[in-house]
Each structure stands twice: as structure tokens, then as C-alpha cells.
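# Survey of secondary and tertiary structure
These are the residues of each chain, in order.
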Amino acid sequence: MKALVLAGGTGSRLRPFTHTRAKQLLPIANRPVVHYALQAIADAGIEDVGIVVGAHADDIRRAVGDGSAFGLRVTYLHQHRPLGLAHAVLIARDFLADDDFLLYLGDNYLEDGVSGFVRRATAGRDAARLLLTQVPDPTAFGVAEVDDEGRVRRLEEKPERPRSDLALVGVYAFTPVVHEAVRAIRPSARGELEITHALQWMIDHGLGVRSETTTGPWRDTGSVDDLLEVNRHVLDRMEGRVDGKVDPHSVLVGRVRIAEGAVVRGSRIVGPVVVGAGTVISNSSIGPYTAIAEDCRVEDSAIEFSVLLRGACVEGASRIEGSLIGREAVVATAPRPPQAHRLVIGDHSKVQLTS
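Just so we're clear, the structure is a prediction, and the values are computed from it rather than from any experiment.

## Quick look at the side chain of Ser-306
Looking at where Ser-306 falls in the secondary structure, it is placed in the loop between strand 25 (302-304) and strand 26 (307-308). For Ser-306, a relative accessible area of 0% puts it in the buried group. Polar side-chain contacts of Ser-306 include one of 2.9 Å to the backbone oxygen of Glu-304. A polar contact is formed between the side chain of Ser-306 and the backbone nitrogen of Ser-323, at a distance of 3.0 Å. The contacts of Ser-306, once residues within four sequence positions are left out, are Leu-228, Asn-231, Tyr-289, Thr-290, Ala-291, Ile-320, Glu-321, Gly-322 and Ser-323.

This is how it looks when you write it as C-alpha cells:
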């Protein structure tokens, strides 16, 4: 089995961050989101991976390389515009050949990985297998209607009136028959080749499409709130370790990871927290579920449940919470406006001002 990882797309819900970088490269506990996907694929025993890239292809290449860091062989496939998941399968035809494959959205996070899913897909030999999860608002997702045995009967893309609360997670297993399906469908109203339409074509033609539902933590990291929540999940599983310098006037509480080259002075850090190499934290309070990337500077500030990207600088912030601060961004105390006095003074009056 091969894997196809989607790392293109525009990431419109994460603008302005995605104007300058792929959403799959935004960090979770100081590691790009796509790294977690690749590690899950490697853990499932898959070795050949195609990564579909778009406008930020060079950044993805720099972050992933040839895949050897994960024990993978990576092939890059360029998609000139994000024209849908089924279009990504279409352009990957030569790479996929006639092998079964796992389709994985590169901005997804699955805490339990995909090893079990891949094993069951390989053993079951259905034409396709989908991973689903229950969601409170199915209208924002592709939605599946399944029978009592897990066979998929109907699929809809972001329906106004969902027939179920089972959303497609963004992990699929396919046999080569899917190539006929993606060639047969036409673009949707939004101009994309929808993978849900390809799956429905397979169902309508009597091909077996089976599902399984995950109860483990899953997030599509396509929004700031989701990114922060995934960061919280990952930090909860992290072990503390101090490789950097922490002065005697600082206090570390709980699971705190300080990378080599980082410096902490006169500060209190309550974990779980991760601090990247080259970062300097001084006279500050860092609260739980915060990830501070490399080469940041935090001074005279309080930060909690936030993510700071490489090179961010925060100075004199009394409290920052639930925030995502971009690369080389600066958050500083605003200068005090000059004091002014408004006076209505009668003739021959005398007023003395202290400042």
C-alpha cells in the first residue's frame, strides 16, 4: 500500500498565516502538522508516499525532504490549483499505479494514528474504506449515512440538512477502482472534483464502501481554535526535559521542555509548555498549553494557551491567552498618549498644572 498526502490548498480559515506558508507547516508543539501525518503513515508500515503540493511547494520540500527522517520514500506531485481531493487522486495516477493507497489530508491530526485503520482496510478488501467521527455540526463536513454493519449508503458534501452526524475525517483507503470513479465525475458547484462524489459513484455502481468510526481525538487544524486545541492535546502527552539554561531565579512547574540553546531568566513556567532553541524568556509568566518556537523573545509578559511561531517577540504584555502569533511578529506595549488638559477659563484667571 502507498499513501497520498495532501499538502496544497489555500488555508483560507487560517489567513493571514497561510498567505506566506502552507497550513500543513503551522506548528503543533513546535513540529509542523504534516510531520504528525507522516509519522502516523510510517507507523502504519507504509513506505512510499506521494505529497501533493501547491503554491508553497518549496516550503513543504524543505520541511519534509526526501522522507528519510520518517523512514519514508517521498515523491512530490504538483497541483497547479486546489481543484478538489478527487483531482489530487487524478494527478497522482502515475505515482499510485495499480496499488492500494491511503489518502490522508495533511492538516489533520489523529491522536491514535492510522495503523489499525490501514490493517483493517488491507484485510477487508473493500473498494474503499472511510474513517468517520461524530460531530456536533455536520453541515461543515462531508457526511456519511451508514447501515448497522458500517456499509456506506450515501455521502453528501456539507449538506444543509445532514442525514447523520458522522463526518468524514479526511482519511480514506482505496483500491485502484477509485481511478475509474474520479475520471467519471464532474466538478461540483464550487468547481472542484469532490472525493465524496467519487465515493458515491462507487456506491451507485455496487462497489463496497465501508466505514469505521473513531472515538479518539481528531482535529482538522484548519482554524486557529482547532490548532490551539491540537496543541493542547499534544502537549498533554509530552514529557518534560530541560536542555537549555534556566537561572536560579526561575521556577519550572510540571512538564516543561526547554530546548538546547533556549534561556529562561527570572520567570515562572507552568507546564505543559515547550520552548524552542534560541528563545529567550525573561521576567515573564508562561502558563499551561503554550508552545514557543525557535528564536523567540518574551520579556515582562504573561502568556497562556498560545502558540508563538519562529522569531516572534512579546514585550510588556500583561496577559495573552488563546492566541497564535506569527513568525517575526512583534507584540509590545503601546506608547502612552501625551496627557492633555481641556480648559474653559474665565478672564484674569490663574491655573497651575503639575505636568
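## Thoughts on the pattern of salt bridges
One pass over the structure, following the stated rule, counts 28 salt bridges. A salt bridge links Glu-294 to Arg-310; the shortest N-O distance between them is 3.8 Å. Here the residue Glu-294 occupies a position in the loop between strand 23 (290-292) and strand 24 (297-299), and Arg-310 occupies one in the loop between strand 26 and strand 27 (313-315), the gap between them amounting to 16 residues. Arg-310 gets classed as partly exposed once you look at its relative accessible area, which sits at 42%.

## What to know about unusual backbone geometry
Looking along the chain, the bond that leaves Gly-271 and enters Pro-272 is cis, with omega of 5°. Along the polypeptide, Pro-272 turns up in the loop between strand 19 (268-270) and strand 20 (273-275). In this structure, Ala-97 takes a positive phi of about 50° despite not being glycine. Looking at the element boundaries, Ala-97 is found in the loop between helix 5 (93-96) and strand 6 (101-105). For Ala-97, a relative accessible area of 31% corresponds to the partly exposed category.

Analysis parameters
- Residues numbered from 1 in each chain as written.
- Predicted model: local features only at pLDDT ≥ 70, side-chain atom pairs only at ≥ 80, totals over all residues.
- Heavy atoms only, no water.
- Helix = DSSP H or I, 4+ residues; strand = E, 2+ residues; numbered from the N terminus.
- Buried < 20%, exposed > 50% of the residue type's maximum accessible area, 1.4 Å probe, protein only.
- Polar contact = N/O pair within 3.5 Å; in protein donor to acceptor, adjacent residues only side chain to side chain.
- Contact = heavy atoms within 4.5 Å.
- Salt bridge = Lys/Arg side-chain N within 4 Å of Asp/Glu carboxyl O.

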